[in-house]
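Spelled out from the first residue to the last, the chains are:
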Amino acid sequence: TRNGIEFAVADLEAAEFGRKEIRLAEHEMPGLMALRREYAEVYPLRGARVSGSLHMTVQTAVLIETLVALGAEVRWASCNIFSTQDHAAAAVVVGPHGTTEEPKGVPVFAWKGESLEEYWWCTERMLTWDGEGPNMILDDGGDATMLVHKGTEYEKSGVVPTPDENTSDEFKVFLELLRDSVAADKDKWTKIGQGIRGVTEETTTGVLRLYQLAAAGELLFPAINVNDAVTKSKFDNRYGIRHSLIDGINRGTDVLIGGKVAVVCGYGDVGKGAAESLRGQGARVIVTEIDPICALQAAMDGYQVRTLENALPEADIVITTTGNKDVVLVEHMAKMKHQAILGNIGHFDNELDMAGLARYPGIRRVNIKPQVDEWVFPNGNTIIVLSEGRLLNLGNATGHPSFVMSNSFSNQVIAQVELFTKYEEYDKEVFRLPKKLDEKVAKIHLDALGGELTKLTKEQAEYIDVDVEGPFKPEHYRY
Ligand code: NAI
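Rules of the game
Residues numbered from 1 in each chain as written. Predicted model: local features only at pLDDT ≥ 70, side-chain atom pairs only at ≥ 80, totals over all residues. Heavy atoms only, no water. Helix = DSSP H or I, 4+ residues; strand = E, 2+ residues; numbered from the N terminus. Contact = heavy atoms within 4.5 Å. Phe/Tyr/Trp six-rings, centres within 6.5 Å; stacked < 30°, edge-to-face > 60°. Buried < 20%, exposed > 50% of the residue type's maximum accessible area, 1.4 Å probe, protein only. Core = buried A, V, L, I, M, F, W, Y, C linked by side-chain atoms within 4.5 Å. 1 Å grid on protein atoms, 1.4 Å probe; cavity = no way out; pocket = protein on both sides within 12 Å on 5 of 7 lines; lining within 4 Å. Points joined across faces, edges and corners; volume = space filled by probe spheres on them. Nonpolar A, V, L, I, M, F, W, Y, C, P; charged D, E, K, R; others polar. UniProt positions renumbered as here; feature names shortened; annotations may be inferred. Expected span 1.5 Å × (residues − 1). Arc of directions from axis to C-beta.

### Let's talk about the side chain of Lys 188
So, point 1. On the secondary structure map, Lys 188 appears in helix 8 (residues 188–195).
So, point 2. With near-sequence residues (within four places) excluded, Lys 188 lies in contact with Glu 124, Thr 128, Glu 155 and Ser 181.

Okay, here's the thing in structure tokens:
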């Protein structure tokens, strides 16, 4: 704690560098800056206490400071052990008007390279406020939401489950934290859960968890699915990945991508961006899919569609983008070409069988540099694994660039304002933002790029049965 601000970051002295990059990012984030202008005198988030769990990057710093500009109090942690940019974390703590001696910003608990214990400690600190608890959660992947839900569940039953051999390392650490917490305070998470007006969720994987909770009737508060705003998933998941996937591979390995064979597992929004990004560098791309529609899309886009087993003998690079588990098993890894590169860009590391790899008889791990490991099989073949199987665009590089995140985060801010101010109108279900707001976010960013939008005449609007001012498409339209 310094100047009344609690924080745990790598190096507060990095704040000046962080502030310079935040300043440059602000210009590239016209959506967030427009929201600051729109709400300059209104402070719609006055009284909001936002606990945020989302990659602590430069772009996220602009999001945090937008929430503050709209009147919120904020505490933050990263949603991944490798994704924090330490200078951004420091700058957010210091704040635009503070100094390292007298920080005036926001409590942040995040640094690059946390252990799992540290990760869950940070998440817990981010949700633990002095006095009254948080009343809003901003989540990416659903870990903060899970902590509040599982904490409430275990406090109610009085039992925290004992891990067995099937429990992942990550979940073991999570259960340990909750065991200590429930022993110390029997209704900490119950109280926090009761105080929350709603959660706004950033990504596909977190949204899936929310729909599962809602279907089971277990959701403790309403949720807005930010991911499925068109200006989020059809932009960040696709064009963001198109930029940051090869950035991660290049910074991690510097291997020439042109001429190589790259396998992309999954051809959803992220997979489409990943395949395009690798093809753009001159790789021959092979796609694996389980859904015939996405598989056919890949074929029509000119990619070969194969099973992983049949693609592996040729593959120089294998990237998972599925949000599913066990996509590349250790048996697959053992059959990869010498020095093939393996990475995941989906939300959790269980897409790759990292546990199986570590247990493989006779395997040896050679750390090349942070977030790059060479795994040596007993026959001498090696594979290069990026970010220990965690999302490599944030582990090996700096994630998506500002302009695309401005789209995603504008939706986040709009969703926070909506749920904070109108929570009584929402049931404990998962909602999406109205299309009109999606179109508004797109318009701001189109304007910033100098795009010229054609205006409908009244007659044309009547002919296609829409309003001159939009929304321009029916709900079922897929873009
Ligand atoms: P999506 O649902 O659009 O695409 C996933 C695709 O994987 C689907 O088409 C599905 O049929 C396919 N799939 C599922 N299991 C498979 C298997 N065993 N083999 C081959 N294909 C399989 O989801 P989206 O939006 O593309 O997100 C994917 C993941 O990426 C999620 O975990 C999401 O949270 C994460 N994400 C990561 C970002 C990053 O910056 N690294 C940014 C945005 C999303």
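Continuing now.
### Observations concerning the packing of aromatic side chains
So, point 1. For the coordinates displayed, the defined rule picks out nine aromatic pairs.
So, point 2. Plain terms: the ring middles of Tyr 119 and Trp 120 are 5.1 Å apart, the flat faces sit at 80° to each other, and that makes the pair edge-to-face.
So, point 3. A residue is classified by how much of its surface remains accessible, and Tyr 119, at 2% relative accessible area, is buried.
So, point 4. Note on Trp 120: relative accessible area 1%, which makes it buried.
So, point 5. Judged by centre distance (5.8 Å) and plane angle (65°), the rings of Tyr 267 and Tyr 303 are edge-to-face. One end of the pair, Tyr 267, is in the loop between strand 7 (261–265) and helix 12 (269–280); the other, Tyr 303, is in the loop between helix 13 (292–300) and strand 9 (304–305), with 36 residues separating them in the sequence.

### A few points about the nonpolar core
So, point 1. Counting residues in each nonpolar core, the largest one holds 53 residues, and the members touching the most others are Met 56, Leu 67, Trp 76 and Val 108.
So, point 2. Contributions of two or more residues to this core are made by helix 1 (15–27), helix 2 (30–38), helix 3 (58–69), strand 2 (73–77), helix 4 (86–94), strand 4 (136–139) and helix 18 (402–422).
So, point 3. Looking at this core, the element that brings in the most residues is helix 18, giving nine residues.
So, point 4. What Leu 67 contacts, discounting residues up to four positions off in sequence, is Leu 45, Val 50, Ala 72, Val 74, Trp 76, Leu 138, Val 413 and Gln 416.

### A few points about empty space enclosed by the protein
So, point 1. Considering all chains together, one arrives at one cavity of 30 Å³ or more under this definition.
So, point 2. In this structure, the largest cavity occupies an estimated 70 Å³ of space.
So, point 3. Lining the largest cavity we find Cys 79, Asn 80, Ile 81, Tyr 119, Glu 170, His 347, Phe 348, Asp 349 and Arg 390.
So, point 4. Of the residues belonging to the lining of the largest cavity, the class tally is four nonpolar, two polar and three charged.

### Re the UniProt feature "domain: S-adenosyl-L-homocysteine hydrolase NAD binding" (unreviewed entry) in the protein chain
So, point 1. With numbering aligned to this structure, UniProt lists the feature "domain: S-adenosyl-L-homocysteine hydrolase NAD binding" (unreviewed entry) at residues 237–399.
So, point 2. The span residues 237–399 shows a helical share of 35% and a strand share of 23%, and its end C-alpha atoms are spaced 11 Å apart.

### A closer look at the environment of Arg 238
So, point 1. Assignment of secondary structure puts Arg 238 in helix 11 (residues 236–253).
So, point 2. Expressed as a C-alpha distance, the spacing of Arg 238 and Ala 275, which sit 37 residues apart in the sequence, is 9.7 Å.
So, point 3. Residues within four places of Arg 238 in sequence aside, it is in contact with Ser 233, Asp 269, Lys 272, Gly 273 and Glu 276.

### Quick look at helix 18
So, point 1. For helix 18, which comprises 21 residues, the first-to-last C-alpha distance of 29 Å matches the rise-based estimate of 30 Å (1.5 Å per residue) to within 8%.
So, point 2. With 19 of 21 residues buried, helix 18 is to be regarded as a mostly interior element.

### Comments concerning helix 19 (residues 435–448)
Count 3.6 residues to each turn of an α-helix, and residues three or four apart come out pointing the same way.
So, point 1. Taking 1.5 Å per residue as the helical rise, helix 19 with its 14 residues ought to reach 20 Å, and the 20 Å between its terminal C-alpha atoms agrees with that figure.
So, point 2. Taken together, the buried positions of helix 19 are occupied by Lys 435, Asp 438, Glu 439, Val 441 and His 445. End-on, the buried residues of helix 19 take up no more than an arc of 160°, which puts them together on one face.
So, point 3. Looking at the buried positions of helix 19, the neighbouring elements they touch are helix 2, helix 10 (230–233) and helix 18.

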